[in-house]
Structure formats: C-alpha cells, structure tokens
Amino acid sequence: MTTKLLYIVAGVIAVLLILGNRKSGAEKITPQDVKAKIDAHETYLLLDVRTPQEYATGHIPTAILLPDYEVKENAPVRIPEKDTYIIVYCRSGARSAKAARILISLGYTNVHDMGGIMHWPFEIEQ
C-alpha cells in the first residue's frame, strides 16, 4: 500500500468511529438545561415522542405530542422551519434518540435529545 492510500483508509476509519459513537446525532441536553429554558421563556419546541396514552399520564410543561412513529410523516408539516431549536424526549431515551435521528435525516439542524422523562426531577402536568 502506498502512504497516500494508508492515509485515506485511516481517515475513513476515523470518520466511521466518530459517527459510530453518536447515538442519535443530536446534541444531548440535560433536564436542568431544559428547565432553565422553560423558566427563561426561551424559544424552543419540546417534543414528547411517547404514545398519546403515555403523554396523557403526565408530560413536561410546554411539551407537544408527536409520537416517534409519526415523526417522519408529520414533522415537516408541524415543524416547517428546519432551524427550530427542538428538544426531544420519551420515557427512557430510546425513542427520543430514534426520533432525533429521523429529524436530522429530514434536514433539521438544531435537534437536542434530553432522553427520558424518567430522569426529569421537576413537575409534570396532565
């Protein structure tokens, strides 16, 4: 192998390792940071990607429901601006990571994954 080819192979491997370590591709955000945004009345969109039944049992204040199985079809209609600051959460973090990946694949550029509501230490509303 030539030195140039070795550099190319090493570069490809490095990129694959970096991409492989990104679970959702979204930036992580803590519940404390989300609460600070809520309290400061900042501009954001908080998406609860659980089922309607889960949402009805309690959700984070200001959250809107968009179940993970509807994100691909309904996000472009419900969230027309691709640079919207989006925070995604579910029950434990698996569905929020999946929804975040879908949003990013749809071209959304400001996606943040909070993970699960089970880690939310603050009030919820019904």
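Quick caveat: nothing in here was measured; it's all calculated off a predicted structure. (Residues numbered from 1 in each chain as written. Predicted model: local features only at pLDDT ≥ 70, side-chain atom pairs only at ≥ 80, totals over all residues. Heavy atoms only, no water.)

**Some points on the pairing of strand β4 (residues 86-90)**
- Judged by how many residues are buried, β4 sits mostly within the fold: 5 of 5 residues are covered.
- The pairing of strand β2 (residues 45-48) with β4 spans 4 bridges and is parallel. Bridge pairing in β4 places Asp-48 opposite Tyr-89.
- Summarising the sheet, β4 and strand β5 (residues 111-116) pair through 5 bridges and their orientation is parallel. Residue pairing in the sheet places Ile-87 in a bridge with His-112 of β5. (Buried < 20%, exposed > 50% of the residue type's maximum accessible area, 1.4 Å probe, protein only. Helix = DSSP H or I, 4+ residues; strand = E, 2+ residues; numbered from the N terminus. Pairing = 2+ DSSP bridges.)

**A short note on helix α2 (residues 31-39)**
- When we look at burial in α2, the residues that qualify are Pro-31, Val-34, Lys-35, Lys-37 and Ile-38. Along α2, the residues classed as buried sweep out an arc of 160° about the axis, all on the same side.
- Of the surrounding elements, those touching the buried residues of α2 are β2, β4 and β5.
- Following α2 by one or two positions, His-41 has its phi on the positive side, about 55°. (Arc of directions from axis to C-beta. Contact = heavy atoms within 4.5 Å.)

**Here we look at the pattern of salt bridges**
- This structure, assessed with the given rule, holds 6 salt bridges.
- Note that Lys-35 is salt-bridged to Asp-39, the shortest N-O span being 2.9 Å. Here Lys-35 and its partner Asp-39 are both found in helix α2, 4 residues apart, which amounts to about one turn of the helix.
- Using a relative accessible area of 19% as the deciding quantity, one classes Lys-35 as buried.
- A relative accessible area of 46% places Asp-39 in the partly exposed class. (Salt bridge = Lys/Arg side-chain N within 4 Å of Asp/Glu carboxyl O.)

**Description of the confidence of the model for the protein chain**
- Residues of the protein chain with pLDDT of at least 70 account for 82%, and the chain-wide mean is 88.
- With pLDDT under 50 throughout, residues 14-22 is counted as low confidence; its partners more than four residues away or in other chains account for 0 contacts. (pLDDT = per-residue confidence, 0-100.)

**Observations regarding the pairing of β5**
- For β5, the buried fraction is high: 6 of the 6 residues fall into the buried class.
- Where strand β1 (residues 27-28) meets β5, 2 bridges bridge the pair, whose relative direction is parallel. For Glu-27, the partnering residue across the bridge sits in β5 and is His-112.
- Handedness of the β4-helix α5 (residues 94-105)-β5 crossover: right-handed. (Right-handed = clockwise from strand over helix to strand, strands pointing away.)

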